[in-house]
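Analysis of the macromolecular model
Single-letter residue listing:
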Amino acid sequence: MTDILRAGVMGWPVSHSLSPRLHGHWLARYKIDGSYEALAVEPAGLVEALSRLAEKGFQGVNLTVPHKEAALALADTVDDTARRIGAVNTIVVGKDGELAGSNTDAFGFIENLRDHVGGQVAAGWSGRPVTVLGAGGAARAVCTALLDCGVADIRLVNRTAERAVSLAEQLPGLGQCTTIVPWRDRAEALDGARLLVNTTILGMTGQEPLELDLADLPIDAAVNDIVYAPLETALLAQARQRGNQVVDGLGMLLHQARPGFRGWFGVDPTVDDELRQAVLAGM
Ligand code: ATR
């Protein structure tokens, strides 16, 4: 058992993770005698790795691909948000060694939006629709956050319609306020929207581009791409050019890290430009 406070991120692979840089920046800023380590854990080794956290002196860990769903069944307690999202991305080890699982992605998404659009988010976007592209794990976290802040009209657009249907069925409360829109009709799904969120991988470095005609998107709509590599995706560039407010995806990554850091190291850290630059330097 070491004296320093230990945390880390478990993934497979894990070397690409920006979390060590992010938490390392905060540890230095707040002068905390702690470490945040990249922990390469194979799927077959997850049960053992989690069970040994306490004896190794860890305060907790983040979980990334492919462990988030498996961790749901391995934590001793799981908060309501993680249960709804169906994935755990943060574990805090309690005094008795109990593993408390949570999911901070919805928090990260909404805090990032708040940074850019302020209190309007809490007002449920004044009853106007929010268009969400994608129906994977990221969409699940985004829709959870939107429901929690009172959005009552969501247009869910996904290439594979059945995935959108099952997301709407499985996420409590989503079905009642969601219209499923076929992928080919995505441009029309922007008509009257207050917010557009891309949760697909389209537009990410190395992936196919997102082809989307923004002509029907109101000029007062905000556009959030949760893709952050590149930082300004073609979608955001196009939206910015026509006068829409744009929100990049890096802020979601930074904000989702806050609850873990607070749980392990006892400080609620600040997301600011210095942190953004430190993390960007690692990309
Ligand atoms: P994550 O958990 O990160 O959200 P995911 O579950 O693989 O990742 O979801 C990726 C999203 O990108 C899905 O909505 C996927 O659409 P499908 O459900 O139809 O697979 C979407 N996506 C990936 N490639 C796409 C493409 N070429 N065209 C349209 N959507 C695509």
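Attention in this report is confined to the structure presented alongside it. (Residues numbered from 1 in each chain as written. Predicted model: local features only at pLDDT ≥ 70, side-chain atom pairs only at ≥ 80, totals over all residues. Heavy atoms only, no water.)

1. Here's the deal with the site of the ligand
Near the ligand you find 14 residues, and of these G137, N158, R159, T160 and R163 are the closest. At a separation of 2.5 Å, an oxygen atom of the ligand approaches a polar side-chain atom of T160. Taking 640 Å² as the accessible area of the ligand by itself, protein coverage stands at 74%. Across the shell around the ligand, the residue classes tally to 5 nonpolar, 6 polar and 3 charged. (Near = heavy atom within 4 Å. Polar contact = N/O pair within 3.5 Å; in protein donor to acceptor, adjacent residues only side chain to side chain. Areas by Shrake-Rupley, 256 points an atom, 1.4 Å probe, with all protein chains shown as cover. Nonpolar A, V, L, I, M, F, W, Y, C, P; charged D, E, K, R; others polar.)

2. Quick look at the pattern of salt bridges
As enumerated under the stated definition, the model contains 14 salt bridges in all. Two residues, R84 and D80, come together in a salt bridge whose shortest N-O distance is 3.4 Å. With a gap of 4 residues between them, R84 and D80 both fall in helix α4 (residues 80-85), about one helical turn apart. The exposed category is assigned to D80, whose relative accessible area is 52%. Salt-bridge contacts for R276 lead to D248; the nearest nitrogen and oxygen are separated by 2.7 Å. (Salt bridge = Lys/Arg side-chain N within 4 Å of Asp/Glu carboxyl O. Helix = DSSP H or I, 4+ residues; strand = E, 2+ residues; numbered from the N terminus. Buried < 20%, exposed > 50% of the residue type's maximum accessible area, 1.4 Å probe, protein only.)

3. A short note on the pairing of strand β1 (residues 5-11)
Among the 7 residues in β1, 6 count as buried, and that is most of the element. Bridge analysis of β1 against strand β2 (residues 34-40) gives 7 bridges, and the strand direction is parallel. What sits directly across from L5, in β2, is G34. Handedness of the crossover joining β1 and β2 through helix α1 (residues 19-29): right-handed. Pairing between β1 and strand β3 (residues 58-63): 5 bridges, direction parallel. Looking at β3, one finds that G8 is bridged to V61. (Pairing = 2+ DSSP bridges. Right-handed = clockwise from strand over helix to strand, strands pointing away.)

4. Side note on the sheet that holds strand β11 (residues 222-225)
As summarised here, the arrangement of the 6 strands in space is β9-β8-β7-β10-β11-β12, forming an open sheet in which the pairing is parallel. The open sheet has two edge strands, β9 (178-182) and β12 (245-247), and neither has a second partner. Taking the axes of each pair of neighbouring strands and ignoring which way they run, one obtains an average angle of 20° across the sheet. Alignment of strand β7 (residues 130-133) against strand β8 (residues 154-158), held across 4 bridges, turns out to be parallel. The residue of β8 that forms the bridge with V132 is L156. Sheet strands in contact with helix α5 (residues 105-117) are β10 (195-198), β11 and β12, and its direction is about 145° off that of β12. Contacts from helix α7 (residues 161-170) reach β8 and β9 within the one sheet, and its direction differs from that of β8 by about 145°. (Axes fitted to C-alpha atoms, helices over the stretch in contact; angles between N-to-C directions. Contact = heavy atoms within 4.5 Å.)

5. Side note on the side chain of D248
Looking at the secondary structure, you find D248 in the loop between β12 and α9 (250-256). Judged by relative accessible area, which is 14%, D248 ranks as buried. Each residue touching D248, except ones within four places of it in the same chain, is listed here: N112, N224, D225, L231, L236 and R276.

6. Re the packing of aromatic side chains
Under the criterion given, the structure shown has 5 aromatic pairs. Pairing Y36 with W264 gives two aromatic rings, centres 5.9 Å apart and planes at 40°, and the pair type is tilted. Here the residue Y36 occupies a position in strand β2, and W264 occupies one in helix α10 (residues 258-265), the gap between them amounting to 228 residues. Each member of the pair, Y36 together with W264, is buried. (Phe/Tyr/Trp six-rings, centres within 6.5 Å; stacked < 30°, edge-to-face > 60°.)

7. A word on helix α11 (residues 273-280)
Within the span of α11, buried status applies to L275, R276, A278 and V279. For α11, the arc enclosing every buried residue in end-on projection is 165°, short of the 170-degree limit, so these residues lie on one face. The inward-facing, buried residues of α11 contact α1 and α9. (Arc of directions from axis to C-beta.)

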